[in-house]
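Close look at the chain arrangement
Chain by chain, the residues run as shown.
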Amino acid sequence: MADKGSDRSLKMSRREMLRLTALTGLGLVAAGCVVPTPPPAPEAEAPAAEAPAGEKVSVRLMVMDYDENMKPDTQAVIDAFNASQDEIEATLDVVSWGQGHDLLVTQISGGQPPDLCNVSAQWQGEWEGIDEVMPLDDYVSEEFLSNFVPSMVAAFTNKDGQLMGMPYFLDPRIMYYRTDLFEEAGLTAPTTWDDVIAAGQALHSPPDMTGYGQTFSMKSDGLDYWWYAWFGAVGADGDLSVWTEDGHSKFNTPEAIKATQYVVDLTQKYQITNTDYTTAGRDEELQPLFYAGKLAQLITGSWFPTLIANNAPDMAYGLEMPPVAEAGMTPATGVWPDSVIMFKQTKNPEAAGQLLEFMFNAENRLAFAKQRGVIPERIDVGTSPEYAVSDTEKFMVASLDTAHNVYETPWPATYYKTFVEVETLIGRAVAGEISAEEAMLQSAEFVDKANGL
Amino acid sequence: MTVGTEAITSTQAKEKVPPLWQRISREVSDNKFAYLLLVPSIICFIALVLYPLANTIIGAFSETDAVGRITHFGTLANFQELIDDSYMPGIVSQTVIFVFGSVILTVLLSFPMALVLNQRFPGVIAFRSLLLLPWAAPLAISAMTWRWIFHGQLGALNHLLSMLGIINQQIDWLSNAKLAFGCVVFVEVWSSIPFMTIMFLAGLQSIPPHIYDAAKMDGANSWHEFWDMTIPQMKKITTIVVLLSVIWAFRSFNIIWTMTQGNPFFRTDISVTYLYKLAFKMLSFGKGFALAFATFVVLLAFSVIYTQVLRSEEM
């Protein structure tokens, strides 16, 4: 028997140890360039789980936070639901919007998504495209649905007539402008593109004041500052969809090129915009710039009055619909709605349906609208004297008459990829690298090709 | 003949050495408890490193759905798409410039700094501690701070330059492609200097002082001491530090993502930020896997060189 201590040939040499250490090190290096990967797609839907007698059925709700009070406010709803019955135990996860998409992608692919979740309608389309979203028709009643703004329920109904998500709230986009500065300079409210340009030219004086805010950095809602121009170019009397009947994009139409030329001119020709339009975030830079008193005109969502009230309570500002290309056109706006969806991987769809109806009762939705400063998706809440008490709230509700759901697309699976490219091309046009026409012709070609047309 | 005898002895010795797996098995049985203690780490390593890595490699050669699940294995389409991607030439050149540019600049700044901090002067300890500050701060927070410093309208840099009369209109540091790229390289260099300086300093302090004494006796001046003695003595540590820095710079996601997210128009993206965008922004997971795999191969090459250098150091 060999002596363990003396038989060095049986021990690992320093070279071998080093080799093993190096292999381990290589693995760690490799970890740096790993994309989080999921297990293979499940081949069959999981059967509904039945809780043993006496045990409660679990339902998990995940919500993205709109503000710092989202967690306690939503927890109060969950607590009320749990107290209202003794068969279901609902739990809550609150995550930030910034993390939400990646987290849900990981959970879906790992077979552990929540039962219910509020998501961007863009995400809903994306996951509907891979059959991960449960149609809600069997879990919510017709009577229940009759309380909601019909156009928004329709926006979440797919081409097969299935309701795929509940509209969580509505966020029509509005032009906010500094009434004090406008009055001082003798300017008229910005209802047309010419008004915006005239006001911008009169008020733009960087770094103290920027005439008009816009961004093409892919940091806010997809392509939003182009959409506002599109609404103005087409008007409420036109067809606001960017898709033709046969699924081609309308990016190469004269109206689309006109809209792009407008956003290009604001920066290149009239030079009245913020100059960080390639990197600025709407929420991170433009909105704070407005309530810091350094931005005269900004189109953003219906949540903005709440932010102004919190950050600049004395600021004088007015509201207008997104400006139209020419006087006499009917202004239109759009919504980038969020929805609450049920994942197909849920093991307790009936229980999740009950929680869904509870969340969307009039009392909870009124509280949510007041807490978040958003526009209710329920007709009875939107018209309730308890809700629409201020002129601002009434203005927002009225704007819904012409609101277009910008996520409406026959191509949910390619929406993300194609709109990133379109925003890049439009941004390059605004930066003066290519013309507006080139940007839109290339956009149309890219989008149609990506959609197999 | 002596040479022949040595050759035979060497061959016999080689024949007696058992295979590696047998020696590993013996090593493990001899040190069971020690290896038992390693089991949790090994499980974590397999679960958190090897398994995702294997999935990434498999994903690179597979079709995937919108959440990255593999729907069909056995295709090179992801690599073809990557080759056809009009942004890829830019991403590759930006990655190369970012990695090598930042490492070269860091070396050029860190080495003189280490030489200074290797001297004895009042406050040297305080300077060494201050040097560590950028390294101690979380990268995301540092990058966020720099993002605001570089902000065109509200940033401190423009304010300072304006006060000094150097500029009379704002510069949008992060909106102009070339300036933005320069800014992210600058912050990468700023955040890398502490580690490299400390490593150089450690290297300088490990040089035996007597060789300088001997050189002085031979009449060497300061320049000769530096060029003929310090530089050769620092060669190996420099190689190791440079290789490590290259590997880290390749993986530098936090700074770029926090400062620019690759904007404007992908002009500040490098391979790791672009592969993240491919996967999570454009939902082209397969393409993202393919780029991750390609990046991995490049990093592997640098890692192999690194381990070779380390081994030659050990021998």
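Residues numbered from 1 in each chain as written. Chains lettered and ligands numbered in written order. Predicted model: local features only at pLDDT ≥ 70, side-chain atom pairs only at ≥ 80, totals over all residues.

**Looking at the overall build of chain B**
Put simply, the test is: Secondary structure elements follow DSSP: runs of H or I of four or more residues count as helices, runs of E of two or more count as strands, with numbering from the N terminus. For a compact globule the rule gives 2.2 Å times the number of residues to the power 0.38, and the radius of gyration it is set against comes from C-alpha atoms. Three exposure classes are used, all based on how many other C-beta atoms lie within 10 Å of a residue's own C-beta (placed from the backbone): buried at 20 or more, exposed at 12 or fewer, and partly exposed between those limits. Contacts here follow a simple rule: the backbone-placed C-beta atoms of the two residues must lie within 7 Å.
Scanning chain B from N- to C-terminus turns up 15 helices and 2 strands. Against the 2.2 N^0.38 benchmark of 20 Å for 315 residues, chain B shows a C-alpha radius of gyration of 25 Å, more extended than a compact globule. Expressed as lengths along the three principal axes of its C-alpha atoms, the size of chain B is roughly 85 × 70 × 40 Å. Taken across its 315 residues, chain B has 34% of its residues classed as buried. In chain B, the proportion of contacts linking residues at least 24 apart, taken out of those at least 6 apart, comes to 66%.

**Some remarks on the overall build of chain A**
Along chain A, the regular secondary structure elements total 18 helices and 10 strands. When the 453 residues of chain A are sorted by exposure, 47% land in the buried category.

**Observations concerning the domain arrangement of chain A**
All names here are of chain A. Test applied: Each domain's extent was defined by an automatic or database domain assignment. The residue classification treats Ala, Val, Leu, Ile, Met, Phe, Trp, Tyr, Cys and Pro as nonpolar and Asp, Glu, Lys and Arg as charged. All others, Gly included, are polar.
Structurally, chain A comprises domain 1 (57-171 + 337-405) and domain 2 (174-335 + 412-450). Put simply, the middle of domain 1 and the middle of domain 2, counted by C-alpha atoms, are 28 Å apart. In terms of residue class, the side of domain 1 that touches domain 2 is made up of 7 nonpolar, 9 polar and 4 charged.

**Things to note about the sheet that holds strand 7 (residues 318-320) of chain A**
Residues and elements named next belong to chain A. Where we set the bar: Pairing between two strands requires that DSSP report at least two bridges joining them. Lines fitted to the C-alpha atoms define the axes, with helices restricted to the stretch that makes contact. Angles between their N-to-C directions range from 0 to 180 degrees.
Strand order in this open sheet of 3 strands is 6-5-7, and the pairing throughout is antiparallel. Either end of the sheet is taken by a strand with one partner, and the two such strands are strand 6 (297-300) and strand 7. Looking at each pair of strands side by side, their axes are set apart by 30° on average, direction ignored. Both strand 5 (residues 174-177) and strand 7 contribute to a ladder of 3 bridges, which runs antiparallel. Its bridge partner lying in strand 7, Tyr177 is registered against Gly318.

**Re the environment of A:Met440**
All names here are of chain A. For Met440, the location among the structural elements is in helix 18 (residues 436-450). On the neighbour-count criterion, Met440 (29 C-beta atoms within 10 Å) is buried. Along the backbone, Met440 and Ala198 are 242 residues apart, and their C-alpha atoms lie at a distance of 26 Å.

**Digging into the sheet that holds strand 3 (residues 116-120) of chain A**
All names here are of chain A. Spatially, the 5 strands line up as an open sheet ordered 2-1-3-9-4, and their pairing is mixed. Each edge of the open sheet is held by one strand with a lone partner, namely strand 2 (88-95) and strand 4 (166-169). Strand-to-strand, the axes of this sheet are offset by a mean angle of 30°, without reference to chain direction.

**Some remarks on the confidence of the model for chain B**
Residues and elements named next belong to chain B. Rule in force here: The quantity called pLDDT is the predictor's confidence in a given residue, expressed from 0 to 100.
Of the residues in chain B, 94% have a pLDDT of 70 or more, and the chain-wide mean is 88. Within chain B, no element has a lower average pLDDT than helix 1 (residues 2-16), which sits at 54, and none a higher one than helix 5 (residues 88-117), at 95. We note a pTM of 0.80 for the whole complex and an ipTM of 0.74 for its interfaces.

**Section: the pairing of strand 1 (residues 57-64) of chain A**
All names here are of chain A. What counts is decided by this rule: With its strands directed away from the observer, a crossover is right-handed exactly when the path from the first strand over the helix to the second travels clockwise.
Of all 8 residues that make up strand 1, 6 are buried, and the element is covered over most of its length. Here 8 bridges tie strand 1 to strand 2, and the two strands are oriented parallel to one another. What sits directly across from Arg60, in strand 2, is Thr91. Handedness of the strand 1-helix 2 (residues 70-84)-strand 2 crossover: right-handed. Here 2 bridges tie strand 1 to strand 3, and the two strands are oriented parallel to one another.

**Things to note about the confidence of the model for chain A**
Residues and elements named next belong to chain A. A residue-level look at chain A finds 88% of positions with pLDDT of 70 or above and a mean pLDDT of 87. Here residues 1-12 is a poorly scored stretch, pLDDT under 50, and it has 12 contacts once near neighbours within four places are set aside; other chains count. Counted against residues more than four places away or in other chains, residues 37-47, with its pLDDT under 50, gives 23 contacts.

**Here we look at helix 11 (residues 209-217) of chain B**
Taken across its 9 residues, helix 11 of chain B has 0 buried, putting it largely on the surface. Count one or two residues on from helix 11 of chain B and you reach B:Gly219, which has phi positive near 90°.

**Here we look at the environment of A:Gly111**
Within the secondary structure, A:Gly111 sits in the loop between helix 3 (97-109) and strand 3. Taking the C-beta count within 10 Å as the criterion, A:Gly111 has 13 such neighbours and is therefore assigned partly exposed.

**A closer look at unusual backbone geometry**
Residues A:Pro206 and A:Pro207 are joined by a peptide bond in cis, for which omega reads 5°. Take A:Pro207: it is sitting in the loop between helix 8 (193-203) and helix 9 (224-234). Here the bond from B:Asn263 into B:Pro264 is cis, since omega is -5°, no more than 30 degrees from zero. Looking at where B:Pro264 falls in the secondary structure, it is placed in the loop between helix 13 (254-259) and helix 14 (271-281). Phi at B:Gln261 takes a positive value of approximately 55°, unusual for a residue other than glycine. Of note, B:Gln261 is situated in the loop between helix 13 and helix 14. You can call B:Gln261 buried: it has 20 C-beta atoms within 10 Å.

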